[in-house]
Amino acid sequence: MSEFHYANGQLCAERVALNKVAERFATPAYVYSRAAIESQWHAYDDALAERQHLICYAVKANSNLAVLSLLAELGSGFDIVSVGELERVLKAGGDPSKIVFSGVGKRTDEIKRALDVKIKCFNVESLSELSRLDQIAAEKNLIAKVSLRINPDVDAETHPYISTGLKETKFGIAYDRALESYIQARDMTNIDVVGIDCHIGSQITTIAPYIDALGKLLDMVSELRANNIELQHIDVGGGLGIRYQDESPPAPQELIKAVCDTIADTSYEILLEPGRSIVGNAAVLLTRVEYIKENSGRNFAIVDAAMNDMLRPALYDAWLSILTVNEQNSAAVAAYDIVGPVCESGDFIGLNRELSLQEGDLLAIQSAGAYGFTMSSNYNTRPRAVEVMIDGSEMIEVRRRETVAELMEGESTL
Ligand code: LLP
């Protein structure tokens, strides 16, 4: 049974009715299911039980300390892209020796901090980054463990903004320069070459692009061997899609079976960096209908969540399922555009949805756990939403709603 389901006519998260969450914490509110997060993480980890492995949860998908501490407790590793994410993982009790640091633009201060806490590996994306890392490590008299992110030139067949494995993107080191880059890395005094990685995109719904990319990585691993460069791990990246509407992405188990079949040599540790597929379907964004209005034959339901709370529809034209918290409403069904209060026509959560609605009704925007809160902003001076973790019949406020006063902190008048 899904952790989000109707019981007694009310949409619930685990054993808590969502109208109770709205009563206690008001709206808009991100509502997470602890059980859903745990079971998705286990789907990955259990499937890899036979192999040396590390699941490095991609923190950018959802970086709330409660989510991170939950995963840290399960023994998860983490994939970070900034010193901010690093500090979050450390604060949540994450083990630095299970952290990989990705991203094309690591700053000197970020590299220094990551070296000091002794992370597992830097996923290096360019030769310039590699020499900077070598130099900083030398100044500190430390050795930086490194994996090179290879751009395999594979089409992940996803939205262009989140497709990262094609050679014309800014990501990774071009495949045909990988060997010379590894040779340079090997000859640097403060660099220890330990791995190879790639990440070809996000919301990927088939296995084929992974296996294409992995094939290229394995060809490179053989070439490296021929040049006396022995690696310890192979990092396949993240990117597995989830069901938002009618997609049918493979389950983590299926992806992992294909990956393990492809990496036949069991001496390599296998790393994965899933974000969305762990937390995406583990949350809803709860919102209330403020006004219903009709303009030139179009029905609008104006809700109290907006593009600043959930940017994905505006930015990627993403489709998110929207449910009424009351299973049955008496109002007639009509097609509504579900829109927020922000002053832009792009401020919509869903268009043309057949719903039975009245002012004051609660709606649950599904699949909001990944790239929901983390991409939210204060646009229109709107405080960011409260975040609530449901654990069985308990509701835990894991981030309180911001106040308007907080939004002005640090600013001054002339
Ligand atoms: N590893 C690296 C190096 C990444 O860049 C990403 C995501 C991941 C792992 C995790 O990917 P996931 O398993 O979550 O797909 N804001 C967009 C998604 C951007 C993904 C960026 N990189 C969205 O809302 O669809």
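1. As for the site of the ligand
Around the ligand there are 18 residues in total, and Ser202, Glu273, Arg276, Arg312 and Tyr371 lie nearest to it. Between the ligand and Asp79, the relevant distance is 3.2 Å, taken from a nitrogen atom to a side-chain nitrogen or oxygen of the residue. Here Gly275 contributes a backbone N or O atom positioned 2.9 Å from an oxygen atom of the ligand. Contact with the protein chains covers 91% of the free accessible surface of the ligand, which is 590 Å². A majority-of-atoms criterion places the ligand in the largest pocket. Partitioning the shell around the ligand into residue classes produces six nonpolar, six polar and six charged.

2. Quick notes on the sheet that holds strand β3 (residues 16-17)
Reading across the sheet, the three strands line up as β1-β2-β3 and stay open at both edges, with antiparallel pairing between neighbours. The open sheet has two edge strands with one neighbour each: β1 (4-7) and β3. With four bridges joining them, β1 and strand β2 (residues 10-13) adopt antiparallel strand pairing. Bridging across to β2, His5 finds its partner in Cys12.

3. A few points about the domain arrangement of the protein chain
The domain architecture assigned to the protein chain consists of domain 1 (4-32 + 280-407) and domain 2 (103-272). Inter-centroid distance (C-alpha atoms) of domain 1 to domain 2 is 36 Å. Between domain 1 and domain 2, the contact holds 10 residues from the first and eight residues from the second. A per-residue breakdown of the area domain 1 buries against domain 2 is headed by Asn281, Tyr316 and Trp319, which together make up 57% of the total. Where domain 1 packs against domain 2, one counts zero salt bridges. At the junction of domain 1 with domain 2, the criterion picks out two residue pairs in polar contact (both at pLDDT 80 or more). In the side of domain 1 that touches domain 2, the residues fall into five nonpolar, four polar and one charged.

4. A few points about the pattern of salt bridges
Taken as a whole and judged by the stated rule, the model has 20 salt bridges. Between Glu110 and Arg107 there is a salt bridge, and its shortest N-O distance comes to 3.8 Å. We classify Glu110 as buried; its relative accessible area is 6%. The exposure class assigned to Arg107 is partly exposed, which follows from its relative accessible area of 43%. Its salt-bridge partner being Arg225, residue Glu230 comes within 3.2 Å of it at the nearest N-O pair. A relative accessible area of 47% places Glu230 in the partly exposed class. Among the charged side chains, a network of salt bridges with common partners joins Arg34, Glu38 and Asp391.

The rules behind each value
- Residues numbered from 1 in each chain as written.
- Predicted model: local features only at pLDDT ≥ 70, side-chain atom pairs only at ≥ 80, totals over all residues.
- Heavy atoms only, no water.
- Near = heavy atom within 4 Å.
- Polar contact = N/O pair within 3.5 Å; in protein donor to acceptor, adjacent residues only side chain to side chain.
- Areas by Shrake-Rupley, 256 points an atom, 1.4 Å probe, with all protein chains shown as cover.
- 1 Å grid on protein atoms, 1.4 Å probe; cavity = no way out; pocket = protein on both sides within 12 Å on 5 of 7 lines; lining within 4 Å.
- Sits in = over half its atoms within 2 Å of the grid points.
- Nonpolar A, V, L, I, M, F, W, Y, C, P; charged D, E, K, R; others polar.
- Pairing = 2+ DSSP bridges.
- Helix = DSSP H or I, 4+ residues; strand = E, 2+ residues; numbered from the N terminus.
- Domains from an automatic or database assignment.
- Contact = heavy atoms within 4.5 Å.
- Buried area = accessible area lost by both parts, 1.4 Å probe.
- Salt bridge = Lys/Arg side-chain N within 4 Å of Asp/Glu carboxyl O.
- Buried < 20%, exposed > 50% of the residue type's maximum accessible area, 1.4 Å probe, protein only.

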